[in-house]
Structure formats: C-alpha cells, structure tokens
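Residue strings, one per chain:
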Amino acid sequence: MDLIADDIARLTYLVLILLAVSGWFISSIRGDLNKSLQRALVWFLIFVGLMGVYGLWLEIEKKTSVSNLEHSIEIKKSNDGHFYTRAMVNAQRIKFLVDTGASSTILSSRDAKKAGVNLSELSFSNPIQTAAGLSYTAIYVVEHFEWLGLELGPRRLLIASEDLFISLLGMDIIDQATSFTISGDNLEIKF
C-alpha cells in the first residue's frame, strides 16, 4: 500500500475518533443497556455515513482533478499553485511536481530508493543548475517509466544527491505529449 503523509494523518484522525466513540460507549454502558446499544447503533450509522461521504468526496475530487478527454488529460492546479502528476517508476507509484523549467526528470533520493535504486552504487558527478544553486546528480536508467497510461520504456533519469522535497517531472517526459497547454488552473496534455 502506498501511504503518503496525508493518508497517515487521515488514518490517525479516524482512529482517534473511533477511540473517542468507543470510550464514550464503554462509559455510558453502565446505565441502561438497551439505551446504550441504541446510542452505539446511531453513532455507528453516523460513522458509516461519514465514511461514505468521505469516499464519495474522494471520487468526486479524483474526477475533477484528472479527467481523460479524447486523447487528452487535464490536470487541475493544486492549492499550492503547482501541478502534480503521478507516474509508475519500476512499478512504484511516484508523485511528481510538473516542472516545465527542468530539462530532465529528477528523482529525489527518497523516491529513487522506493523505485529500487541502490544509491551507494551511483556517482553524483553530474552538475545541474537549480533555483537554489549548483547541485549534483547521478544519471540512472530506470527499467520502466509509465506516465498517464503510456509506457515510455527504459528512461534516463537524474537522481538528486541532496534530497529534494519532491521528484520533478521535466521536459524530457513532458515532450512525449503532442502538446500541453496551461490555461488558468488547468494543464491540458494531448497525445
């Protein structure tokens, strides 16, 4: 299962809510058992209803954030003002920030490890200029790179020596599309 920090936080909140409701139930069961069971059933139904609403919200959000339109994909801008996409790298799902200013796709060292790259075998001797200054990367060929349903085969990627906060999807991958257009809060990619 591919859990990110947001998923772990949501799971933690759900467990805390479950513990609070369970604690209330145990403390209230001392009185009338029938009333306690009725209350527990009501709370259980409320909890199940909220889970259903949450699941529907995720489905609605998923449909509005990425939609497939006749050989084109539309990605919605996130709340932080950036566009994010996911790709499969060596069968591992990796989240990328779409970076049209990057000529090459760069994996963070954390995501590289997740994709099965042994960092100790790499030579971080490839200099690159970033917004933060000069940095060094290693060139690495991943066996499989799948983006938006397209298998792009073995790909030459850069691995960051210093941990980036997120991997960057560069123009080497974006150029696989016939066109991409940013209009307001939408990034449309056509194949």
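This section reports on the structure supplied with the text. (Residues numbered from 1 in each chain as written. Predicted model: local features only at pLDDT ≥ 70, side-chain atom pairs only at ≥ 80, totals over all residues. Heavy atoms only, no water.)

**Focus: the overall build of the protein**
Where we set the bar: Every helix listed is a DSSP run of H or I at least four residues long, and every strand listed is a run of E at least two residues long, numbered separately from the N terminus. Residue burial is assigned from relative accessible area. The probe radius is 1.4 Å, only protein chains are included, and a residue is buried under 20% of its type maximum, exposed over 50%, and partly exposed in between. The contact rule is simple, with two residues in contact once any of their heavy atoms fall within 4.5 Å. In this description, accessible areas are obtained by the Shrake-Rupley approach with a 1.4 Å probe, and a residue is regarded as covered only by the protein chains that are shown.
Helices and strands together make up the secondary structure of the protein, namely four helices and 13 strands. Within the span of the protein, comprising 191 residues, buried residues form 29% of the whole. Sequence-distant contacts in the protein: of pairs separated by 6 or more residues, those separated by 24 or more amount to 50%. Counting only carbon and sulfur atoms, one obtains 59% of the accessible surface of the protein, whose full area is about 12500 Å².

**Things to note about the pairing of strand β13 (residues 186–190)**
For clarity, the cut-off: Only when DSSP finds a minimum of two bridges between them are two strands counted as paired.
Alternating residues of β13 divide into L187 and I189, all buried, and N186, E188 and K190, none buried. Inspection of the sheet shows strand β2 (residues 72–76) paired to β13 by five bridges, in the antiparallel sense. Bridge assignment links S72 to a residue of β13, and that residue is K190. With five bridges joining them, strand β12 (residues 179–183) and β13 adopt antiparallel strand pairing.

**Comments concerning the side chain of R155**
Heads up, the rule is: Positive charges are assigned to Lys and Arg, negative charges to Asp and Glu, while His and the chain termini are left out of the count. Counted as salt bridges are all cases of a side-chain nitrogen of Lys or Arg within 4 Å of a carboxyl oxygen of Asp or Glu. Distance and chemistry together define a polar contact, namely a pair of N or O atoms within 3.5 Å, with one atom able to donate a hydrogen and the other to accept it when in protein, and with adjacent residues in sequence counting only for side-chain atoms on both sides.
Along the chain, the position of R155 falls in strand β10 (residues 155–160). Buried charge without a salt bridge: R155, with D172 as the nearest opposite-charge side chain at an N-O distance of 4.7 Å. Separated by 3.1 Å, the side chain of R155 and the backbone oxygen of D172 make a polar contact. Those residues in contact with R155 that lie beyond four places of it in its chain are Y140, V141, V142, F145, D172, I173 and Q176.

**Things to note about the pattern of salt bridges**
Scanning the entire structure with this criterion turns up three salt bridges. The partner of K76 in a salt bridge is E74, with the nearest N and O atoms 3.7 Å apart.

**Focus: the nonpolar core**
Note the cut-off: In plain words, nonpolar cores are sets of buried Ala, Val, Leu, Ile, Met, Phe, Trp, Tyr and Cys residues tied together by side-chain atoms within 4.5 Å.
Of all hydrophobic cores here, the largest spans 28 residues; its most connected members are V89, F96, L107, F145, W147 and L169. Those elements that provide at least two residues to this core are β2, β3 (84–89), β4 (92–98), β7 (133–142), β8 (145–147), β10, α4 (171–174) and β13.

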